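Inside the fold
Residue-level listing of the chains:
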Amino acid sequence: MAGAQAQPIKQMERINLSGAEMASQFMWFVFHSLFGLIAWGAMMGIVTLFHPESMPAAFTLVLSLAIPLAAGFFVVRIRSSNVATLTWLAGLVWFTIVGLWILDMPTGPDACYRCGPGDKLWFTFFSLNWDSGMIDGQGRFIGTWPAVAMLGYSIGAKIAMRGRNLEPGTEA
C-alpha cells in the first residue's frame, strides 16, 4: 500500500499476580458464580409456586436471564469486581459438560428416537415447543437455564462495572 505507514505494535503489560491474589480472584469467581445460581434458584422457586407446567419455556428463559442480570448488577454495584464479569465462563463450561453428557446418551423410544447429534442438542436445550425426552425432559432446567443465568449475571456485572477501572489484584 503506497503511503501507508506501519502502526507500531503495542507491548502487552505482564500481569504479575501473587499466589494469594490468584487464590482470592478464584474465590470471588466461585462466589459470584454461586450468587448467580442462587438468584436463578430463587427465581425457579417462585416459578415452581406458580406451577411450572403452566409457564411457557420462553418466559422462564427470559426470567433466567433477567433475574441474575439484576442480581449481578446490584452485587457488583455494592462491591466492584472485574472477576464477576467472567461468570459467563462458568455457564459455558457447565453447558459444555451437560451437552457432552447428552451427546453420549443413547436414543430410543421416548428419548429422541433416531436423532442425530444436532437434533439431540437442539431438542434437549433450545426447542421451546418439543422436548427430546433425554434426561427425563429436564434439559432446559439442567443445562440451558443455569448457563443463561451465568450469562445474565455476567452481563449485569459488566453493566455495573461500566466506567470503573480496577487494577488487577485490587478487586474484591
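Further up the page is the structure itself.
Here goes a summary of the coordinates provided. Remember, it's a predicted structure, so these values are computed and weren't measured experimentally.

A look at the overall build of the protein chain
- In terms of regular secondary structure, the protein chain is built from five helices and zero strands.
- Along the protein chain, helices and strands appear, N-terminal first, in the series α-α-α-α-α.
- Across the protein chain, the fraction of contacts at a sequence separation of at least 24, relative to all contacts at a separation of at least 6, is 71%.
- When the accessible surface of the protein chain is summed, it comes to about 11,100 Å², and 67% of that surface belongs to carbon and sulfur atoms.

As for the state of the cysteines
- In total, this model carries one disulfide according to the counting rule given.
- Two residues share a disulfide in this structure: Cys-112 and Cys-115, whose sulfurs sit 1.9 Å from each other. Its torsion about the S-S bond being -85 degrees, the disulfide of Cys-112 and Cys-115 is classed as left-handed. For the residue pair Cys-112 and Cys-115, the accessibility class agrees, reading buried in each case.

What about unusual backbone geometry?
- Residues other than glycine seldom take positive phi values, yet Arg-114 does so here, at roughly 60 degrees.
- By the secondary structure assignment, Arg-114 is in the loop between helix 3 (88–104) and helix 4 (117–126).
- Classification of Arg-114 as exposed rests on a relative accessible area of 68%.
- At Ile-135, a residue that is not glycine, the phi angle is positive and equals roughly 40 degrees.

Some remarks on helix 5 (residues 139–161)
- For helix 5, built from 23 residues, the straight-helix expectation of 33 Å at 1.5 Å per residue is met to within 8% by its first-to-last C-alpha distance of 32 Å.
- The principal kink in helix 5, of about 30 degrees, is found at Trp-145, preceding the proline Pro-146 by one to four residues.
- Looking one or two residues beyond helix 5, the residue adopting positive phi is Gly-163, at roughly 85 degrees.

Digging into helix 4
- When helix 4 is considered as a whole, its buried residues turn out to be Lys-120, Thr-124 and Phe-125. Buried positions in helix 4, seen along its axis, are confined to an arc of 90 degrees and lie on one side of it.
- Residues of helix 4 that are buried sit in contact with helix 3 and helix 5.

Concerning the packing of helix 3 against helix 4
- One way to put it is that helix 3 packs onto helix 4 with a least axis distance of 10 Å and a crossing angle of 125 degrees. What the angle tells us is that helix 3 and helix 4 run oblique. In the crossing of helix 3 with helix 4, the sense of the turn from one axis to the other is right-handed. Contacts between helix 3 and helix 4 involve Phe-95, Val-98, Gly-99, Ile-102 and Leu-103 from the former and Pro-117, Lys-120, Leu-121, Thr-124, Phe-125 and Phe-126 from the latter.
- Of the residues contributing to the contact of helix 3 with helix 4, the split by class is eight nonpolar, two polar and one charged.

Here we look at the packing of aromatic side chains
- Throughout the structure, instances matching the rule amount to seven aromatic pairs.
- A ring pair is formed by Trp-40 and Phe-141, whose centres lie 5.5 Å apart and whose planes are at 40 degrees; its orientation type is tilted. Residue Trp-40 is located in helix 1 (residues 19–49), and its partner Phe-141 is located in helix 5; the two are separated by 101 residues in the primary sequence.
- Residue Trp-40 is classed as buried on the basis of its relative accessible area, which comes to 9%.
- Relative to Phe-126, the ring of Phe-125 lies with its centre 6.2 Å away and its plane at 65 degrees, an arrangement referred to as edge-to-face.

Quick word on the packing of helix 1 against helix 5
- Orientation of helix 1 relative to helix 5, taken along the N-to-C sense of each, is 120 degrees, at an axis distance of 9 Å. Taken together, the axes of helix 1 and helix 5 are oblique relative to one another. For the pair helix 1 and helix 5, the sense of crossing is right-handed. The residues of helix 5 that touch helix 1, namely those facing His-32, Ser-33, Phe-35, Gly-36, Leu-37, Trp-40 and Met-44, are Phe-141, Trp-145, Pro-146, Ala-149, Met-150 and Tyr-153.

Cut-offs applied
- Residues numbered from 1 in each chain as written.
- Predicted model: local features only at pLDDT ≥ 70, side-chain atom pairs only at ≥ 80, totals over all residues.
- Heavy atoms only, no water.
- Helix = DSSP H or I, 4+ residues; strand = E, 2+ residues; numbered from the N terminus.
- Contact = heavy atoms within 4.5 Å.
- Areas by Shrake-Rupley, 256 points an atom, 1.4 Å probe, with all protein chains shown as cover.
- Disulfide = S-S within 2.5 Å.
- Buried < 20%, exposed > 50% of the residue type's maximum accessible area, 1.4 Å probe, protein only.
- Expected span 1.5 Å × (residues − 1).
- Bend = angle between axes of the 7 residues up to and from the residue.
- Arc of directions from axis to C-beta.
- Axes fitted to C-alpha atoms, helices over the stretch in contact; angles between N-to-C directions.
- Parallel < 35°, antiparallel > 145°, perpendicular 65-115°, else oblique.
- Left-handed = near helix turned anticlockwise from the far one by under 90°.
- Nonpolar A, V, L, I, M, F, W, Y, C, P; charged D, E, K, R; others polar.
- Phe/Tyr/Trp six-rings, centres within 6.5 Å; stacked < 30°, edge-to-face > 60°.

Read these as geometric descriptors, not functional statements.
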